[in-house]
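Descriptive structure summary
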There are 2 protein chains.
Amino acid sequence: MAKHRKLGRGVAVVGAGLSKFGAYPEGVRTTDLFVEAFKDLESSVDKGFDSRTIDAFYLGNLSSDLFESQVHLAPAVANRIGLVPVPTVRIEDACAASGVAFREAVIAVASGIYDVVLVGGVEKMTNLDTPQVTEVLASALDPDTEVPAGLTFPGIYATMATAHMAKHGTTEEDLMWIGIKNHYHGSLNPKAHFDVSISDFMKKRAESAVKKGLPKPQWHTELDFMKDSKQNPIIAWPLRLFDCSTICDGASCILVVAEEMAKEFTDSPIFVVGTGQASDYFLAERDDLTSIQAAKLAATQAYEMAGIGPKDVKVAEVHDCFTIAELIAMEDLGFYEPGKAAGAIREGETRIDGKLPINTDGGLKSKGHPIGASGTGMVVEIFKQLREEAGDRQIKVKDPDIGLAHNVGAHGSTVVVNIFERR
Amino acid sequence: MAKHRKLGRGVAVVGAGLSKFGAYPEGVRTTDLFVEAFKDLESSVDKGFDSRTIDAFYLGNLSSDLFESQVHLAPAVANRIGLVPVPTVRIEDACAASGVAFREAVIAVASGIYDVVLVGGVEKMTNLDTPQVTEVLASALDPDTEVPAGLTFPGIYATMATAHMAKHGTTEEDLMWIGIKNHYHGSLNPKAHFDVSISDFMKKRAESAVKKGLPKPQWHTELDFMKDSKQNPIIAWPLRLFDCSTICDGASCILVVAEEMAKEFTDSPIFVVGTGQASDYFLAERDDLTSIQAAKLAATQAYEMAGIGPKDVKVAEVHDCFTIAELIAMEDLGFYEPGKAAGAIREGETRIDGKLPINTDGGLKSKGHPIGASGTGMVVEIFKQLREEAGDRQIKVKDPDIGLAHNVGAHGSTVVVNIFERR
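All figures in this text were calculated on a predicted structure; none of them were measured in a lab.

Glancing now at the overall build of chain A. For chain A, the helix and strand inventory stands at 14 helices and 11 strands. On C-alpha atoms alone, chain A measures out to a radius of gyration of 20 Å, which is about the 22 Å that the 2.2 N^0.38 rule sets for 423 residues. Of all 423 residues assigned to chain A, the portion counted as buried reaches 64%. Expressed as a percentage of contacts within chain A between residues at least 6 apart in sequence, the contacts between residues at least 24 apart total 78%.

Listed below in structure tokens is the structure:
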């Protein structure tokens, strides 16, 4: 089993870039999206940098194979952004592709073989229609038990949700508060796929109803809207439309460097102090569906390496492919006791003005979930929050010194946790 | 640009496993193939080992996405061979997938984060028919210039072959000698897809002709057979059938450990002393088609890290997806001056009884080319040759202390070179 060791050499993040997340036209390709993220990264490096200093490139991507009929994506991107002849590595671990790629980049810098590494992720999903995308994603499940049972991802996470309800009394309403919070955060993020709060949706839908001469809808609160099955239909009970992350296009990237070189790039680097990763069984073989063992293991490794505990974390990005996944993550990461996360969400503790803000960029729910881009996309947000550069959505916690990113592949058969520190 | 550094910590190979390469029935899955290779690896570890000591798993695979409608393959394999909950990483760099995965495993052990890593590769290609496979493979090419031009891999390598002919006077016959040599080596390898020499083919075809009452064929030599366009038809001139590697299923794996732990597993570990990797431009932007710049760079890095030169290499596995690729590799790796490799092949220098045996397992041509499995498959052979455990095909060179594996993704847009030493 993996040890919880210190890395051989310190590693820092000195730049971060993101494309706008959303649905791009079919002519826009994966490589185009990455170019947009890379330009954003270049402008984020305070002291500037010459891309010829990059030693290697790691790219997370689920399946340009199936979405775009392209394999060998890493050198294709490297060609576009002028990185040839550096080594390029594509990593695929389902929805944790770029979270794992990030960890691999950190390990490589720690090994001493590279000093400056570009790591990112990208996905162009909207070329296919929703049933096709659902099928591609479902191919990350177990071909022996889950796929033949007719399960796709909403069904998988609905199963986990009903288990959580049965064990802890979690309600549909508890999940709705997560969607409301993440859409509120997303409304403050101009790069989010849906940069609109639930209140914004309500206003628009009400206006549209009035225009059509229909009766004015009787929603008094965001929760009313979320409970309206016309506005928020059931996808796989108890999960509704606003419990599900988006099918989305986008790219993200991060510049990691050896700790001792960080000041050449910026006066405010963010340090990678912990990393952990684990795999898990498929659902049928798990003892408990209300928790993901791999997430607990990955978190334990990362905390031990960082020499901290969950209480030290000031801001977290967690993998909310569905609202229930955010709830479970909060418990698996040790932020809350099992069964206690729902109450904290209702109390607003995880909003940007709460004591432990979570998914401040809108999360996969509102910012969007272009699979390969999601892992390093989370790191982009932690980088901004710890540097207090997140603008309207900057967290209110004083001295945000520790951030955590939690990225899940499939239903947890891969989980990677990375921890960051501002010094 | 990548540095040519020593690794932070020494790394050794202590076990190696291979499935039989060939065309398996459709019901046999990628995971089944890997199980076969893993069992072979387990029996190869002299002092035995408990798979629970494995810290992490890296898996090279081109596209189970397109071949088998499965993504997130790494944890699926880990589930099958009992590795949960270790971290699992799938790496895709076209035909260099597992060569790169091997390098990543070495880097990870060198970083100190893991001590014992399983790395392998797998591909199940024969579910699709040849035109479909050709299309999947072609998706590793440049979507802007190469794919629209109608190029598939035989055409790409034929272009490189004609350039080599024009510059160096290379002939079709020169290429045929490579196929003859690799099929001879493959005939000595019971795990090869085509474990038959060209002489064996001749005998079989002659017997079959006589049985059908046809005139006895007039081939006096293997070269006669290779020149017979009925037996060896042109695929993309100057490349014929016997210039092309096989569409194939198979798996391979390697156990790498921290140098200081090697003796716990075996008294004869093989050490990883050099590794290099580079990317390259697509064909239209290259200055020269008779050589692959990325191969030269990767080799230079690996030689410098190992502190040796091409003359020190006693046995090599090079990426012969087409015969011309073997010829170019021999020159790019510095074994022969440009234009001089063909003569050496004709003289038998690269046969198992020659002074620099190449592709002693039959190479991709005869052993087979199950894409994801090829890179670590090469390492399996180097491991055996350096330990003098290759049986009938053991090289005759005295004291085979240095071996090299050269693995190419696509037309060289990725190249990785790893160097091994027996001490």
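All names here are of chain B. Strand 3 (residues 88-92) sits mainly inside the fold: five of its five residues count as buried. Here strand 3 shows two buried faces, one formed by Thr-88, Arg-90 and Glu-92 and the other by Val-89 and Ile-91. Of the strand pairs in this sheet, strand 2 (residues 56-60) and strand 3 are connected by four bridges, and their pairing is parallel. The residue of strand 3 that forms the bridge with Leu-59 is Arg-90.

Further remarks concern unusual backbone geometry. Cis geometry is found at the peptide bond from Trp-237 of chain A to Pro-238 of chain A, where omega equals 10°. Here Pro-238 of chain A is to be found in the loop between strand 5 (234-236) and strand 6 (239-240). In this model, Val-84 of chain B is joined to Pro-85 of chain B through a cis peptide bond whose omega is 15°. Tracing the backbone through its elements, the reader meets Pro-85 of chain B in the loop between helix 3 (73-80) and strand 3. One non-glycine residue, Asp-399 of chain B, lies in the positive phi region at around 50°.

With that settled, the discussion passes to the relation of the copies chain A and chain B. When chain A is fitted onto chain B, the two copies agree to an RMSD of 0.0 Å after a turn of 180° and an axial shift of 0.0 Å. Within this description, the copies of the chain are treated as partners about a two-fold rotation axis. For chain A, the minimum C-alpha distance to the rotation axis belongs to Ser-111 of chain A and amounts to 1.8 Å. Taken together, the interface assignments show that 98% of the residues at the interface of chain A recur at the interface of chain B, consistent with an identical surface on both copies.

Further remarks concern the packing of helix 4 (residues 97-111) of chain A against helix 4 (residues 97-111) of chain B. Think of two packed helices as two axes; the pair is described by the angle between the axes and how far apart they sit. Here helix 4 of chain A crosses helix 4 of chain B at 60°, and the two axes come no closer than 8 Å. When the axes of helix 4 of chain A and helix 4 of chain B are compared, the pair comes out oblique. Where helix 4 of chain A crosses over helix 4 of chain B, the two elements pack in a sense that is left-handed. In this structure, helix 4 of chain A contributes Glu-104, Ile-107, Ala-108, Ala-110 and Ser-111 of chain A to the contact, and helix 4 of chain B contributes Glu-104, Ile-107, Ala-108, Ala-110 and Ser-111 of chain B. Each residue belonging to the contact of helix 4 of chain A with helix 4 of chain B can be placed in one class, and the counts come to six nonpolar, two polar and two charged.

Right, let's get into the interface of chain A and chain B. In this complex, chain A contributes 57 residues to the contact, which on the side of chain B involves 57 residues. In terms of residues, the side of chain A that touches chain B owes the most to one element, helix 4 of chain A, which gives six residues. Looking at side-chain class alone, the side of chain A that touches chain B contains 31 nonpolar, 16 polar and 10 charged residues. Looking at chain direction, strand 3 (residues 88-92) of chain A and strand 3 of chain B are connected through three bridges and run antiparallel. Across the sheet, Arg-90 of chain A pairs through a bridge with Glu-92 of chain B, a residue of strand 3 of chain B.

Attention shifts here to helix 1 (residues 30-44) of chain B. Residues and elements named next belong to chain B. Taking 1.5 Å of rise per residue, 15 residues should cover 21 Å, and helix 1 covers 21 Å from first to last C-alpha, within 8% of that figure. Among the residues of helix 1, those classed as buried are Thr-30, Thr-31, Leu-33, Phe-34, Ala-37, Phe-38, Asp-40, Leu-41 and Ser-44. Looking at the buried side of helix 1, the elements it contacts are strand 1 (11-18), helix 2 (64-68), helix 3, strand 4 (116-124) and strand 7 (249-258).

Our next topic: helix 11 (residues 323-332) of chain A. Among the 10 residues that make up helix 11 of chain A, 10 are buried, leaving the element largely enclosed by the rest of the structure. Of the residues one or two after helix 11 of chain A, Gly-334 of chain A is the one with positive phi, at around 85°.

All names here are of chain B. The residue Ala-97 is located in helix 4 in this model. Using a count of 34 C-beta atoms within 10 Å as the deciding quantity, one classes Ala-97 as buried. In the structure, Ala-97 is positioned 23 residues away from Gly-120 in sequence and 9.4 Å away in space, judged by C-alpha atoms. Setting aside residues no more than four positions away along its own chain, Ala-97 makes contact with Gly-60, Asn-61, Leu-62, Ile-91, Glu-92, Gly-121, Ile-371, Gly-372 and Gly-375.

Relative to the helices and strands, Glu-285 of chain B resides in the loop between strand 8 (270-279) and helix 10 (293-306). By C-beta crowding, Glu-285 of chain B is classed as exposed, having 11 other C-beta atoms within 10 Å.

What follows is about the nonpolar core. One recurring pattern in soluble globular proteins is that nonpolar side chains are buried together. Formed by 302 residues in total, the largest nonpolar core has its most connected members in Val-13, Val-117 and Val-256 of chain A together with Val-13, Val-117 and Val-256 of chain B. Those residues within four positions of Val-117 of chain A in sequence are excluded, and the remaining contacts are Asp-55, Ala-56, Tyr-58, Ala-105, Ala-108, Val-109 and Val-256 of chain A.

What follows concerns the pairing of strand 8 (residues 270-279) of chain A. Residue and element names in this part refer to chain A. Most of strand 8 sits out of view: nine of its 10 residues are buried. In the sheet, strand 1 (residues 11-18) pairs with strand 8 via three bridges, with the strands oriented antiparallel. Opposite Val-13, over in strand 8, you have Ile-270 as the bridge partner. Here strand 8 runs beside strand 11 (residues 414-421); their pairing, made up of eight bridges, is antiparallel. In the strand pairing of strand 11, Val-272 is matched with Phe-420.

Before going further, it helps to spend a moment on the packing of helix 4 of chain B against helix 14 (residues 371-386) of chain B. Residue and element names in this part refer to chain B. Across the interface, helix 4 lies against helix 14 with an axial gap of 5 Å and an inter-helix angle of 55°. If you check the angle between helix 4 and helix 14, you find them oblique. On the side of helix 4, the interface is formed by Ala-97, Ser-98, Gly-99, Val-100, Ala-101 and Phe-102, while helix 14 contributes Ile-371, Gly-372, Ala-373, Ser-374, Gly-375, Thr-376 and Val-379. In terms of residue class, the contact of helix 4 with helix 14 is built from seven nonpolar, six polar and no charged.

Another aspect to go through is the confidence of the model for chain A. Looking at chain A as a whole, its pLDDT mean stands at 96, while 99% of the residues score no less than 70. Scored as a complex, the prediction yields pTM 0.98 and ipTM 0.97.

Next up on the list: the environment of Lys-230 of chain A. With respect to the helices, strands and loops of the structure, Lys-230 of chain A is situated in the loop between helix 9 (222-227) and strand 5. Expressed as a C-alpha distance, the spacing of Lys-230 of chain A and Tyr-114 of chain A, which sit 116 residues apart in the sequence, is 54 Å.

Definitions and cut-offs
- Residues numbered from 1 in each chain as written.
- Chains lettered and ligands numbered in written order.
- Predicted model: local features only at pLDDT ≥ 70, side-chain atom pairs only at ≥ 80, totals over all residues.
- Helix = DSSP H or I, 4+ residues; strand = E, 2+ residues; numbered from the N terminus.
- Rg over C-alpha atoms; globule rule 2.2 N^0.38 Å.
- Buried ≥ 20, exposed ≤ 12 C-beta atoms within 10 Å, placed from the backbone.
- Contact = placed C-beta atoms within 7 Å.
- Pairing = 2+ DSSP bridges.
- Least-squares fit on C-alpha atoms with pLDDT ≥ 70 in both.
- Axes fitted to C-alpha atoms, helices over the stretch in contact; angles between N-to-C directions.
- Parallel < 35°, antiparallel > 145°, perpendicular 65-115°, else oblique.
- Left-handed = near helix turned anticlockwise from the far one by under 90°.
- Nonpolar A, V, L, I, M, F, W, Y, C, P; charged D, E, K, R; others polar.
- Expected span 1.5 Å × (residues − 1).
- Core = buried A, V, L, I, M, F, W, Y, C linked by C-beta atoms within 7 Å.
- pLDDT = per-residue confidence, 0-100.

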